[in-house]
Amino acid sequence: MPGLNALHQRKGAQRLIGLLLGFAFGFLLHKGGVTRYDRLIGQLLLKDFTVVKVMLTAVIVGMVGVYLLRDAGLARLHPKSGSLGATAVGGLIFGVGFGLLGYCPGTLVGALGEGWLDALVGGAGILIGAGLFAARYPRLREGILKRGDFGALTLPEWLKVNAWVVIVPMALLLAALLYGLERAGL
Amino acid sequence: MANWWSQPEWSPYWAGAGIGVLSWLAFLFSDKALGCSTPFARGSGLVERLFRGRAVLDKPYYQAHPPALTWDTMLIIGVLLGAFASAWLSGAFELRWVPEVWRGAAGSSPWVRAIAALAGGIAMGFGARWADGCTSGHGISGTLQLAVSGWLAVVCFFVGGIATAMVIFHVLLPVAR
């Protein structure tokens, strides 16, 4: 789509779109209840499943819509490349931070918008952590981050099937999981 | 309608579906996926530059993620404003330090909460850059694209997070009190 491609190149318009999408994202995170520490830590303690409900619904709706847009030629996918050394090890370090802080980077900013000052301190911590990583990056890049590299692979590519062969069962599975949570009274 | 905007919370399913729709719009209008942790790396470059000058920008990581007012940075500014607007409309905006569940287990000291938040933030900032994404970029945007990296990351986020939270709330804090 030439019109859309032109829009993607316009920096000023993109900044405005980013701001508007972010505004809606922050509004929905707050209305979904997931900018609150009590709900996030409740999820990690397996007592409150609001976070999983918000995330899985977003994934189901997002997945079907984004793949439809792609099939219509209106969008390109941008799966991130990864490796066991980067994605799994980094993910576990992130998880330890998640358990201690009780916010993630997006919900932390939302919590700040609601007036939580512990989120402000946590945000300073994230800046420090990101800075420490930037200092280590040149050495990590040549070492552990490359271990078990699988590239920018998607599940349908990995399984060598049409995307919808994965999307439809995945959407049904996630919906069944949500239904199960409700049935269990969680 | 007014009542709707001022409700303290919506059903998590409506909020989640709305976030799914936002991901369509991000791909359609910006050719991008929603994510929240890269702006922190840009921000840390900006802070470091204040103390150590322009040479900071020569670091390979900041070459790849220059500190600038990009789409992702505008997105995170929007998140702050949007959450504030929602909180303000529902009368929930209030400056405070110690969440209820934390207070119940660790007491009402803002210092103890702040130290835990700072330590957690450092691990999270380090881990988010190590894994190249967070609960938004991997956990929602990666998984909805069916990216292998997204699904692996989100499993590791929650395995690490659940283990840490369980140890803190069921072992460390009960022993400490």
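Definitions and cut-offs
- In this numbering scheme, every chain counts its residues from 1 along its sequence in written order.
- Each chain is given a letter, starting from A, and each ligand a number, starting from 1, according to the order in which they appear as written.
- In view of the model being predicted, local features appear only for residues whose pLDDT reaches at least 70, and side-chain atom pairs are presented and counted only at 80 or more, with totals across whole chains, interfaces and linings using the full set of residues.
- Side-chain metrics in this entry use all non-hydrogen atoms of the structure; hydrogen atoms and water are not considered.
- Stacked, edge-to-face and tilted are the three classes for Phe, Tyr and Trp ring pairs, Trp counted by its six-membered ring, which pair at centre distances within 6.5 Å; planes under 30 degrees apart are stacked, over 60 edge-to-face, the rest tilted.
- Think of it this way: any DSSP run of H or I at least four residues long counts as a helix, any run of E at least two long counts as a strand, and we number them from the N terminus.
- Relative accessibility thresholds used throughout: buried, under 20% of the residue-type maximum; exposed, over 50%; partly exposed, between the two (1.4 Å probe, protein chains only).
- When checking whether two residues touch, look at their non-hydrogen atoms; a contact exists if any pair is within 4.5 Å.
- Two parts lose some accessible area (1.4 Å probe) when they are put together, and adding that loss for both gives the buried area.
- Salt bridges are defined by distance alone: a side-chain nitrogen of Lys or Arg within 4 Å of a carboxyl oxygen of Asp or Glu.
- For the domain bounds, the source is a domain assignment made automatically or taken from a database.
- Here the term cavity refers to a set of points on a 1 Å grid, laid over the protein atoms alone, in which a 1.4 Å probe fits but cannot get out; the term pocket refers to an open set having protein on both sides within 12 Å along at least five of seven lines, with lining residues being those that place an atom within 4 Å of a point.
- Grid points are joined across faces, edges and corners, and a volume is the space filled by probe spheres set on the points.

### Concerning the packing of aromatic side chains
On inspection of all chains with the given rule, the structure shows 19 aromatic pairs over all chains. Aromatic pair Phe133(A) and Tyr61(B): ring centres 5.4 Å apart, planes at 85 degrees, arrangement edge-to-face. With one member in each of two chains, Phe133(A) in helix α7 (residues 117–142) and Tyr61(B) in helix α4 (residues 60–64) form a pair that bridges those chains. Assigned by exposure class, Phe133(A) and Tyr61(B) land together as buried. Centre to centre, the rings of Phe133(A) and Phe126(B) are 5.8 Å apart; their planes meet at 80 degrees, and the pair counts as edge-to-face. Here Phe133(A) is found in helix α7, whereas its partner Phe126(B) is found in helix α7 (residues 110–130) on a different chain.

### Digging into the interface of chain A and chain B
Each partner contributes residues to the interface: chain A has 121 residues there, and chain B has 119 residues. Summed over both sides, the interface between chain A and chain B buries roughly 10600 Å², with carbon and sulfur atoms accounting for 76% of that surface. The three residues of chain A that bury the most area against chain B are Phe25(A), Lys31(A) and Lys80(A), which together make up 7% of that side's buried surface. The tally of links between chain A and chain B comes to 5 salt bridges.

### Some words on the domain arrangement of chain B
All names here are of chain B. Here the domain parsing of chain B yields domain 1 (7–94) and domain 2 (98–177). Here the C-alpha centre of domain 2 lies 18 Å away from the C-alpha centre of domain 1. Listed as interface residues are 11 residues of domain 1 and, on the opposing side, 10 residues of domain 2. Buried area between domain 1 and domain 2, summed over both chains or domains, comes out near 770 Å², and the portion from carbon and sulfur atoms is 59%. There are 0 salt bridges connecting domain 1 and domain 2.

### Details of the layout of surface pockets
All names here are of chain B. Here the largest pocket is characterised by a volume of approximately 610 Å³. Lining the largest pocket are 34 residues, and of these Lys32, Ala33, Arg42, Trp71 and Asp72 lie nearest its centre. When residues in the lining of the largest pocket are grouped by element, the largest group, 4 residues, is from helix α8 (residues 137–144). Per-domain counts for the lining of the largest pocket show at least three residues from each of domain 1 (7–94) and domain 2 (98–177).

### Some remarks on empty space enclosed by the protein
Scanning the model with the defined rule gives 1 cavity of 30 Å³ or more in all. The space that makes up the largest cavity amounts to roughly 130 Å³. Taken together, 14 residues make up the lining of the largest cavity; nearest its centre are Leu29(A), Met55(A), Cys104(A), Thr107(A) and Ile140(B). Ranked by residue count, the leading element in the lining of the largest cavity is helix α4 (residues 50–71) of chain A, at 3 residues.

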